[in-house]
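Below, each chain spelled out in residue letters.
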Amino acid sequence: MPITKKKKTIENKPRIEIEKWLLKGLDCEKKGEFEDAISCYENALQGKESDKEAWNNIGLVYYQMGDFKNADDAINKALELDSEYAIGWETKGYLYAHLNRFDDAVEFLSKALEVGGNKANIWVTLGIISSTQLKFEDAIMAYEKALEDDPNNLNALNNEGIAYQLLSQLREERESIEMLEKAVEYFERALAIDPNKAEIWNNYGVVLGFLGRFKSGLSAVDKAILLAPDYANAYFNKARIYLRVGNKKKALIQLKCAIEMDKTLYKKAKEDLTLRKLKDTREFQGLNPEKEG
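Worth saying up front: this structure is predicted, and the values here are computed from it rather than measured.

Reading the values: the criteria
- Residues numbered from 1 in each chain as written.
- Predicted model: local features only at pLDDT ≥ 70, side-chain atom pairs only at ≥ 80, totals over all residues.
- Heavy atoms only, no water.
- pLDDT = per-residue confidence, 0-100.
- Contact = heavy atoms within 4.5 Å.
- Salt bridge = Lys/Arg side-chain N within 4 Å of Asp/Glu carboxyl O.
- Helix = DSSP H or I, 4+ residues; strand = E, 2+ residues; numbered from the N terminus.
- Buried < 20%, exposed > 50% of the residue type's maximum accessible area, 1.4 Å probe, protein only.
- Axes fitted to C-alpha atoms, helices over the stretch in contact; angles between N-to-C directions.
- Parallel < 35°, antiparallel > 145°, perpendicular 65-115°, else oblique.
- Left-handed = near helix turned anticlockwise from the far one by under 90°.
- Phe/Tyr/Trp six-rings, centres within 6.5 Å; stacked < 30°, edge-to-face > 60°.
- Lys NZ or Arg CZ within 6 Å of the ring centre and 35° of its normal.
- Arc of directions from axis to C-beta.
- Core = buried A, V, L, I, M, F, W, Y, C linked by side-chain atoms within 4.5 Å.
- 1 Å grid on protein atoms, 1.4 Å probe; cavity = no way out; pocket = protein on both sides within 12 Å on 5 of 7 lines; lining within 4 Å.
- Points joined across faces, edges and corners; volume = space filled by probe spheres on them.
- Nonpolar A, V, L, I, M, F, W, Y, C, P; charged D, E, K, R; others polar.

1. Remarks on the confidence of the model for the protein chain
For step 1, the next point in the chain: Averaged over every residue, the pLDDT of the protein chain is 91; residues scoring 70 or more account for 94%.
For step 2, the next point in the chain: Taken together, the stretch residues 1–12 has pLDDT below 50 and engages in three contacts with residues farther than four places along the chain or on a different chain.

What follows is the structure, given as structure tokens:
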């Protein structure tokens, strides 16, 4: 029968042809052409349903599209083919972390570590999950594991700095200062590796402000703004520092810039321990985006 003959030809598709479709799919992913990427991966699967890489890639594309049911189904196909497929467990862990199903995510990511070695990115994700659950000491241990595997991992360094900053808020004054100094250390290590990350400069400036190093803090936040002029949180943090040094006028100017870029920062300012001191003033209330028009 013609159909049987065609199927036999497809099943004998050489690996080089499969790799061609996989590479083409990755190229489509990079361009954001997700539907085309899925088509490429499905072409890779024709006559070879046992290609775990193609199934995992399909899962990743659905994940990026926000279609988590199809993403999970595709990743499960990959894991059915190879229960020791570390990349599949890792992808499944990221998916469940995104869905805030943290216990499941930790289980899947731990399985990925068990079958595929200690990957820095997995430890970073485990650290982020711990931070989300306010388990900052566990988060720090996870980031240290990531740095053992990759000492120059910027995500691990930045997130460990953030974890120390958040942990400082739960400590008495002396230990709090020690935690903030540790945060400074990790941000400086990250910036020594890549000085062009606005987020890290911003985080660095915030911690310097908490330590009372206002001039250095402003300089760091200015560096963040130079690298990313539309970075609303940097203007927000600059306002905090200005208010702490008693310059209400400059604080309001910076806060105005922040709120114009991101309206949600007005509510955040009302709740911020520093900026909420302004909330009853006419100038602050005039920044309320709901009063526009």
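2. Some words on the pattern of salt bridges
For step 1, the next point in the chain: Overall, the coordinates contain 15 salt bridges when judged by the stated rule.
For step 2, the next point in the chain: The salt bridge partner of E137 is R171, with a shortest N-O separation of 2.8 Å. With E137 in helix α9 (residues 136–149) and R171 in the loop between α10 (154–168) and α11 (173–193), this pair connects stretches of sequence that are 34 residues apart.
For step 3, the next point in the chain: Classification of E137 by relative accessible area gives partly exposed; the value is 48%.
For step 4, the next point in the chain: Where salt bridges share partners, they join E84, K111 and E114 into one cluster.

3. Considerations on the packing of helix α5 (residues 68–81) against helix α6 (residues 86–98)
For step 1, the next point in the chain: Remark: α5 packs on α6, axes separated minimally by 9 Å, with the N-to-C direction vectors making an angle of 160°. By the angle between their axes, α5 is roughly antiparallel relative to α6. For the element pair α5 and α6, the recorded crossing hand is left-handed. Seen from α5, the contacting residues are F68, A71, D72, I75, N76 and L79; seen from α6, they are G88, W89, T91, K92, L95, Y96 and H98.

4. Some details on unusual backbone geometry
For step 1, the next point in the chain: The backbone phi angle of N100 is positive, close to 65°, even though this residue is not glycine.
For step 2, the next point in the chain: Take N100: it is sitting in the loop between α6 and α7 (102–116).
For step 3, the next point in the chain: Unlike most non-glycine residues, L134 shows phi in positive territory, near 65°.
For step 4, the next point in the chain: The exposed category is assigned to L134, whose relative accessible area is 62%.

5. Structural notes on the packing of aromatic side chains
For step 1, the next point in the chain: Counted by the stated rule, this structure contains six aromatic pairs.
For step 2, the next point in the chain: A centroid spacing of 6.2 Å and a plane angle of 55° characterise the contact between Y63 and F68, whose relative ring orientation is tilted.
For step 3, the next point in the chain: Among the aromatic residues, those joined into a cluster by ring pairs are W89, Y96 and F108.
For step 4, the next point in the chain: The residue whose ring lies beneath K92 is F108, and the NZ or CZ to ring-centre distance is 5.0 Å.
For step 5, the next point in the chain: Between the NZ or CZ atom of K268 and the centre of the ring of F236, over which it lies, the distance is 4.9 Å.

6. Concerning helix α16 (residues 264–271)
For step 1, the next point in the chain: Among all positions of α16, only L265, Y266 and A269 are buried. The arc that holds every buried residue of α16, seen down its axis, measures 110°, which confines them to one face. Away from the buried face of α16 by more than 90 degrees, exposed residues T264, K267 and E271 are located.
For step 2, the next point in the chain: For α16, the secondary structure elements touched by its buried residues are α14 (232–244), α15 (248–261) and α17 (282–285).

7. Section: the nonpolar core
For step 1, the next point in the chain: Residues I58, L126, Y204, V207, F236, L255 and L275 are the most contacted members of the largest nonpolar core, which totals 91 residues.
For step 2, the next point in the chain: The residues contacting I58, other than those within four sequence positions of it, are Y41, E42, L45 and A74.

8. A short note on the layout of surface pockets
With a probe scaled to a water molecule rolled over the atoms, the places where space remains empty come into view.
For step 1, the next point in the chain: Roughly 540 Å³ of internal volume is contained in the largest pocket.
For step 2, the next point in the chain: Along its surface, the largest pocket is lined by 19 residues, and Q165, V206, F210, R240 and D272 are the ones closest to its centre.
For step 3, the next point in the chain: For the lining of the largest pocket, the elements supplying multiple residues, two or more each, are α10, α12 (198–210), α14 and α16.
For step 4, the next point in the chain: The leading source of residues in the lining of the largest pocket is α14, at five residues.
For step 5, the next point in the chain: When its residues are assigned to classes, the lining of the largest pocket shows seven nonpolar, seven polar and five charged.

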